[in-house]
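Each chain is listed here by its residues.
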Amino acid sequence: MEKNQHHPWQCLNNRQALDFNKNNVKAWFRLAKAYQMLQCWEEAGDAIDKGLAVPGEAENKDLLKLQKLLAERVRKARLDRQRREKRRAERVAKVKEVWKHCKEDGIKLGRVALVASVSDDDDEAGDDADESRWHHHHPHTGELPAVISGEWSWPCLFVYPSHSQSDFVKHFGESEMLAMRMAEMFPELEAGETTSMPW
């Protein structure tokens with residue numbers, strides 16, 4: 001077995017030891033080291049903090065040394081988590097606005113989830129590109145309906161199987177006529193022009 005494969009077991013063993021005795025400072029240190037090897041920086045920082053909080057261990061040299069070594073990585077990991085939580089909260093607030101609008105106007109939505117359930121294991125990268133993977137209205141865009149100039153607009157995908165093509169309209173206003181959009185996409189033929197379509 002590779003050496004790094006032992007670390008999950010070390011986490012489990014030390015957690016079991018801490019379940020028995022929360023003041024086992026050696027178990028907190030070993031847990032922090034195991035998380036360090038797994039590059040779980042926030043968890044490592046939490047283990048260090050809890051170890052230093054054990055009565056009489058505030059000046060524990062091993063923990064303080066590890067805390068200094070991992071300080072920047074722990075700080076960054078915690079900031080990343082706070083950003084993810086903020087984005088999720090903002091997304092949920094927007095989704096609630098959409099559901100409220102749909103309920104008030106009698107709009108029925110399909111079964112595509114507006115907010116998918118996620119865990120921190122899914123978003124280590126933490127960038128905006130992944131955000132649209134977690135929370136989505138349409139899986140292909142990650143876009144939510146929005147109020148544009150006082151009117152609700154929806155992301156819409158037009159699919160043309162006969163042409164093997166598609167068009168995406170980011171903001172399709174609720175008062176817009178579908179026929180007008182289709183006229184933009186399929187303008188009238190000029191004199192002398194032909195089409196391969198039967199109509």
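Colleague: Help me understand the packing of aromatic side chains, please; the structure alone is not making it clear to me.
Modeller: Aromatic ring pairs are reported here in terms of the distance separating the ring centres and the angle at which the planes meet. Going through the model one piece at a time under the given rule, you end up with one aromatic pair. For the ring pair Phe-158 and Phe-172, a centre distance of 6.1 Å and an interplane angle of 40 degrees mean the geometry is tilted. Highlighted residues: Phe-158 in strand β2 (residues 151-160) and Phe-172 in strand β3 (residues 165-173), separated in sequence by 14 residues. Considered together, Phe-158 and Phe-172 belong to a single accessibility category, that of buried residues.

Colleague: Mind showing me how you'd approach the sheet that holds β3 here?
Modeller: Backbone hydrogen bonds hold the strands of a sheet together, and the pairing may be parallel or antiparallel. Reading across the sheet, the three strands line up as β1-β2-β3 and stay open at both edges, with antiparallel pairing between neighbours. What marks the edges here is a single partner per strand, and that holds for β1 (146-148) and β3. Ignoring strand direction, the axes of neighbouring strands in this sheet form an average angle of 40 degrees. Contacts between helix α6 (residues 178-185) and the sheet are confined to β2 and β3, with β3 contributing the most and set at about 135 degrees to the helix.

Colleague: Is there a simple way to explain the pairing of β2 in this structure?
Modeller: On any regular strand, side chains alternate: one points to one face of the sheet, the next to the other face. Inspection of the sheet shows β1 paired to β2 by three bridges, in the antiparallel sense. Bridging across to β2, Ile-148 finds its partner in Glu-151. Hairpin connection, β1 to β2: the antiparallel pair is bridged by two residues, and Ser-149 has positive phi, about 55 degrees. Across seven bridges, the pairing between β2 and β3 is antiparallel. Looking at β3, one finds that Phe-158 is bridged to Asp-167. Adjacent in sequence and paired antiparallel, β2 and β3 are bridged by four residues, among which Ser-164 carries a positive phi angle near 55 degrees.

Colleague: Just to check I follow, could you spell out the packing of helix α2 (residues 25-37) against helix α3 (residues 41-52) for this structure?
Modeller: Packed helices, taken two at a time, are described by the angle their axes make and the gap between the axes. For the pair α2 and α3, interaxial distance at closest approach is 8 Å and the crossing angle is 165 degrees. In terms of orientation, α2 and α3 fall into the roughly antiparallel class. For the pair α2 and α3, the sense of crossing is left-handed. Between α2 and α3, the contacting residues are Val-25, Trp-28, Leu-31, Ala-32, Tyr-35 and Gln-36 on the first element and Trp-41, Glu-43, Ala-44, Ala-47, Ile-48, Lys-50 and Gly-51 on the second.

Colleague: Which parts of the structure should I look at to understand the nonpolar core?
Modeller: Buried together is how nonpolar side chains tend to be arranged in soluble globular proteins. Residues Trp-28, Leu-31, Ile-48 and Leu-70 are the most contacted members of the largest nonpolar core, which totals 20 residues. If you list the elements that add at least two residues to this core, you get α1 (7-20), α2, α3 and α4 (61-105). With seven residues, the single largest contributor to this core is α2. Residues contacting Trp-28, with those up to four places away along its chain left out, are Leu-18, Lys-22, Ala-47, Lys-50, Gly-51 and Val-54.

Thresholds applied
Residues numbered from 1 in each chain as written. Predicted model: local features only at pLDDT ≥ 70, side-chain atom pairs only at ≥ 80, totals over all residues. Heavy atoms only, no water. Phe/Tyr/Trp six-rings, centres within 6.5 Å; stacked < 30°, edge-to-face > 60°. Helix = DSSP H or I, 4+ residues; strand = E, 2+ residues; numbered from the N terminus. Buried < 20%, exposed > 50% of the residue type's maximum accessible area, 1.4 Å probe, protein only. Pairing = 2+ DSSP bridges. Axes fitted to C-alpha atoms, helices over the stretch in contact; angles between N-to-C directions. Contact = heavy atoms within 4.5 Å. Parallel < 35°, antiparallel > 145°, perpendicular 65-115°, else oblique. Left-handed = near helix turned anticlockwise from the far one by under 90°. Core = buried A, V, L, I, M, F, W, Y, C linked by side-chain atoms within 4.5 Å.

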